Amino acid sequence: MQCIGQAAGRSALISRHAVACITWRHCSSHAREMLPQIASLADTRGVLRLSGQGLVAFLQGLLTNDTKQLEAKDVRMQYAAILNSHGRYLHDLFLHKQKGDDLVLLADVDKHGATDLVKLLNRYKLRAKVDIADVSSEYTTWARFGPGLLSQGEWHSDPRLQALGQRIVLQAQDKPTSPEGEQETEGIQYKAWRIEHGVAEGDTEMPSGHAIPLEYNLDGLNAISFSKGCYVGQELIARSHFRGVIRKRLMPVDIAGDEEPKIGTSILAPGRKRPAGSLQAAQKGRGLACLNLQAALAAAEGNEHLELGEGGPQVTPWRPTWWPKDWGEEPAAS
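Here's what I pulled together on the structure shown here. (Residues numbered from 1 in each chain as written. Predicted model: local features only at pLDDT ≥ 70, side-chain atom pairs only at ≥ 80, totals over all residues. Heavy atoms only, no water.)

### Considerations on the sheet that holds strand β16 (residues 315-317)
Hydrogen bonds between backbone groups are what pair the strands of a sheet, and the pairing can be parallel or antiparallel. Overall, antiparallel pairing links the six strands, which are arranged β15-β12-β13-β14-β11-β16 in an open sheet. Of all strands in the sheet, those with a lone pairing partner are β15 (307-308) and β16, marking the two edges. Of the strand pairs in this sheet, strand β11 (residues 248-255) and strand β14 (residues 286-292) are connected by seven bridges, and their pairing is antiparallel. Each bridged residue has a counterpart across the sheet, and for K248 the counterpart in β14 is N292. The strands that helix α4 (residues 187-197) touches are β11, β13 (277-283) and β14; relative to β13, the one it contacts most, it runs at about 140°. Strands in contact with helix α7 (residues 293-300) are β11, β14 and β16; relative to β14, the strand with the most contacts, it is inclined by about 130°. (Pairing = 2+ DSSP bridges. Helix = DSSP H or I, 4+ residues; strand = E, 2+ residues; numbered from the N terminus. Contact = heavy atoms within 4.5 Å. Axes fitted to C-alpha atoms, helices over the stretch in contact; angles between N-to-C directions.)

### Topic: the packing of aromatic side chains
Two aromatic rings are characterised by how far apart their centres lie and by the angle between their planes. The full count for this structure, using the stated rule, is six aromatic pairs. Between the aromatic rings of Y79 and F94, the centroid separation amounts to 4.6 Å while the plane-to-plane angle is 35°, which identifies the pairing as tilted. In this pair, Y79 is assigned in strand β3 (residues 77-83) and F94 in strand β4 (residues 89-97), connecting sequence segments 15 residues apart. A residue is classified by how much of its surface remains accessible, and F94, at 0% relative accessible area, is buried. Three or more aromatic residues link up through ring pairs in this structure, and these residues are F145, Y190 and W193. In this structure, R160 packs its charged tip against the face of Y79, placed 5.5 Å from the ring centre. Positioned over the ring face of W327 is R249, at 3.5 Å from the centre of the ring. (Phe/Tyr/Trp six-rings, centres within 6.5 Å; stacked < 30°, edge-to-face > 60°. Buried < 20%, exposed > 50% of the residue type's maximum accessible area, 1.4 Å probe, protein only. Lys NZ or Arg CZ within 6 Å of the ring centre and 35° of its normal.)

### What to know about the sheet that holds strand β10 (residues 183-185)
Across the sheet, which stays open at both edges, the five strands sit in the order β8-β9-β7-β1-β10 with mixed pairing between neighbours. Strands at the two margins of the open sheet, each flanked by one partner only, are β8 (156-157) and β10. Pairing geometry for β8 and strand β9 (residues 166-171), over two bridges, is antiparallel. Its bridge partner being in β9, H156 is matched across the sheet by R167. Across the sheet, α4 touches β1 (37-40), β7 (139-145), β9 and β10, and the angle it forms with β7 is around 50°.

The structure is reproduced here in structure tokens:
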């Protein structure tokens, strides 16, 4: 996949979900030159097995996405989140449909939140004919990513963005197939690839119990259906969406300096009374930050200075090219 600066003449052919890198000046030389890679996500993602006759109806009342779509033969994977009653994010789930006549899903979820998620699902289960099991010791989630990625056998496209690559859940003793020349790397390299594209994953980068899903761009990552029926936490999501006013969003940022930044540190705009946002993930001079759009877009254009903590290193956000055009055009706060 090519960077947008190289592809200006072909921009009309690039769909919102097929963008690879962000802009030429923000695509690292490593990202431009790297070959496709595969990585085990066993350190960060656990796996739950979900099955039973009432599974679709059960999930339909809990998850942000339309789980009835999983009944279609051509749908192999779906991304969704589960919220609390106040509409705050709790956990994200990639639902991998297994082969067979009966619907069985392997959900790859945040490894450190898996136990809490099982408890939550069992609390909602009541009399539903659903089986829920933590099978993290039996299965491993894998990611395949990099520029110029082509479809490959057992792999399935990441439902959030095509540019993020492909994903699969396999039994723990197995390894995925990949074309000759693709090397296995560490999961931290996949994290760097996500950061390049401005996409968070899991219950730390999207703080469980606190994050507002639309501020973390779940509405642009195929995680939310606005046409399905009710689900837990829907009211806040629907109201915010249809009002069309989202004043903060997660953005990729460059972080000056060599020191490893502390996650959760406030990002300040000198002259503004309130912090512009906070840092949610970081790796090798890049990160993800949930930022006030007015301040962030001004800083991206060089019209405002943002810093990590008072007197800290400069933070420079940029707008991912997969974003819809109207994001960031919301009215300024009164």
